Amino acid sequence: MSLAMSIFRDIFEKSVPDFDFSGLVSPKVGEMGKPFEGNTLYKFYGENLLPMIGDPTIRFTQRGATLNDPFELTIRWKETVSKTTSEKLEIYLRSSFERAFSDDGHIMRTITLWFARKGILLNDDQIKEVSTAISSGRAKDIFSQIKDDLNKRIGEFLVNLNKLRDEFDKFLSEDMSKLGVFSTTEDINSDQMWGLYASSGKGFALEIDPYNEIFRVKKGDLKGSSLFRKVLYTDEYCDDFLSNPYFLFLVKKSKWSFEKEWRILKYLETCELKDNTTGVYRDRLPKFSIKSVIFGYNVPNNLLDKYISDVHDFDDNILVRKMKLNHIQGNLYVDDI
């Protein structure tokens, strides 16, 4: 039976069921999944972190106590699995299995290919023998047993899927506590950001290279692209989790839209610098990952020389700049030092 199951797993995987998966997925998924394609991003730091400017790090912030939005990384959907989604999945799975086992010609072609991948090329007599076997009553009995087993597994899968409605919050609490968020912004001229995250202009910001090795996808179809993903600001909830999983970690309430955030998620235990007592998890920024350091508009000029020296001891390619206030136009701008 193991050989038959192996072959028919291939048969099922190669079948093309009449089902459109796009019916389960929110149109927002494609847009939210796009990697960052701009030139630069910024990270703000408070006044208390100025001394670390010669050994720059990034922090991966945990859900709950240290994230500024208490609703981040929590349930932002009406149902974990809606009844509509569950019904569509059941129709898809059952019709797919039925189609996979209903076409003797398709089964024959798949078996021939299966043996070919094993280095065994069936000759005409063997193909005829297999074809005869497929049409036999014994084969039909085996197919029926396999279909019954697979249909039973479908039922078990759907039951477990529906249990998610009750168990998903527990999963979030356990699994999301293992993750941290590194947040950046595309807007260096935001007075709100300088006020909230850079000690009212007494701190600084790093202009980072979003395509540095530390911020790039290491494998898969997106290998080499940036890990950063854009945050969606909305007060709406999606219909169910499966329709848009990005609602778990790429959504904040609309009142935070001024942040213009791009973020990365990472498992905390993989961070380079870990302090399980304080809950602070960081990675060091490598050389060439920082394009410039921008000091806040309220950093005293008499302190700049020391901090600039620390920056250039780390990487003398980094540009050093400072935020300035334009009182006539009422905005901020960056000026070279």
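Cut-offs and rules
Residues numbered from 1 in each chain as written. Predicted model: local features only at pLDDT ≥ 70, side-chain atom pairs only at ≥ 80, totals over all residues. Heavy atoms only, no water. Pairing = 2+ DSSP bridges. Helix = DSSP H or I, 4+ residues; strand = E, 2+ residues; numbered from the N terminus. Axes fitted to C-alpha atoms, helices over the stretch in contact; angles between N-to-C directions. Buried < 20%, exposed > 50% of the residue type's maximum accessible area, 1.4 Å probe, protein only. Phe/Tyr/Trp six-rings, centres within 6.5 Å; stacked < 30°, edge-to-face > 60°. Core = buried A, V, L, I, M, F, W, Y, C linked by side-chain atoms within 4.5 Å. Contact = heavy atoms within 4.5 Å. Salt bridge = Lys/Arg side-chain N within 4 Å of Asp/Glu carboxyl O. Expected span 1.5 Å × (residues − 1).

Caption draft 1: Local environment of the sheet that holds strand β12 (residues 273–275). Taking strand neighbours across the sheet as the criterion, the 3 strands line up as β2-β13-β12 in an open arrangement whose pairing is antiparallel. Single-partner strands in this sheet number two, and they are β2 (57–59) and β12. With direction set aside, neighbouring strand axes in the sheet form an average angle of 25°. Of the strand pairs in this sheet, β12 and strand β13 (residues 280–284) are connected by 3 bridges, and their pairing is antiparallel. If you follow lysine 274 over to β13, its bridge partner there is tyrosine 281.

Caption draft 2: Region of the structure containing unusual backbone geometry. Positive phi is not limited to glycine here, since lysine 260 has a value of about 45°. On the secondary structure map, lysine 260 appears in the loop between β10 (251–252) and β11 (261–267). The class for lysine 260 is partly exposed, based on a relative accessible area of 39%. Residues other than glycine seldom take positive phi values, yet phenylalanine 288 does so here, at roughly 80°. Along the chain, phenylalanine 288 falls in the loop between β13 and β14 (290–295).

Caption draft 3: Quick peek at the packing of aromatic side chains. For the structure on display, the rule yields 13 aromatic pairs. Centre to centre, the rings of tryptophan 77 and phenylalanine 241 are 4.9 Å apart; their planes meet at 55°, and the pair counts as tilted. With tryptophan 77 in strand β4 (residues 77–79) and phenylalanine 241 in the loop between β9 (238–240) and β10, this residue pair connects regions lying 164 residues apart in the sequence. The pair tryptophan 77 / phenylalanine 241 is uniform in exposure class, with both members buried. Relative to phenylalanine 258, the ring of tryptophan 256 has its centre 6.4 Å away and its plane inclined at 35°; by these criteria the two rings are tilted.

Caption draft 4: Structural context of the nonpolar core. By size, the foremost hydrophobic cluster in this structure holds 31 residues, and its most contacted members are Phe204, Leu206, Phe215, Phe228, Val293 and Phe295. Among the elements of the structure, β1 (41–45), β6 (204–208), β11, β14 and α8 (301–314) are those that each provide at least two residues to this core. Among the elements that take part in this core, α8 stands out by supplying 5 residues, more than any other. Not counting the four nearest positions on each side in its chain, phenylalanine 215 is found in contact with Ile58, Phe182, Ile208, Asp209, Pro210, Ser225, Ser226, Leu227, Phe228, Ile264 and Leu285. Membership of the second largest hydrophobic core comes to 14 residues, among which are Tyr42, Phe44, Val231 and Ile294.

Caption draft 5: Main features of the environment of glycine 33. You can see glycine 33 is positioned in the loop between α2 (28–32) and β1. The buried category is assigned to glycine 33, whose relative accessible area is 16%. Separated by 196 residues in sequence, glycine 33 and arginine 229 place their C-alpha atoms 6.8 Å apart. Ignoring sequence-local partners within four residues, the contact set of glycine 33 consists of Arg229 and Tyr246.

Caption draft 6: Representation of the pattern of salt bridges. Considering all chains together, one arrives at 15 salt bridges under this definition. Two residues, glutamate 31 and lysine 34, come together in a salt bridge whose shortest N-O distance is 3.4 Å. Since its relative accessible area comes to 54%, glutamate 31 is described here as exposed. Put simply, arginine 216 and glutamate 213 hold a salt bridge, and the shortest N to O gap is 3.8 Å. On the basis of relative accessibility, which here comes to 30%, the residue arginine 216 falls in the partly exposed class.

Caption draft 7: Expanded view of the pairing of strand β5 (residues 179–185). In terms of residue burial, β5 counts as a mostly covered element, since 6 of its 7 residues are buried. Taken together, the 2 bridges between strand β3 (residues 61–62) and β5 define a ladder with antiparallel strand orientation. The residue of β5 that forms the bridge with glutamine 62 is glycine 180. Bridging between β5 and β11 involves 7 bridges; their strand directions are antiparallel. When the sheet's bridge partners are listed, threonine 184 is paired in β11 with tryptophan 262.

Caption draft 8: Representation of α8. Counted at 1.5 Å a residue, the expected span for α8 with its 14 residues is 20 Å, and the 21 Å between its end C-alpha atoms agrees. Buried within α8 are the following residues: Leu304, Tyr307, Ile308, Asp310, Val311 and Phe314. Each element contacted by the buried residues of α8 is listed here: β14 and β15 (319–326).

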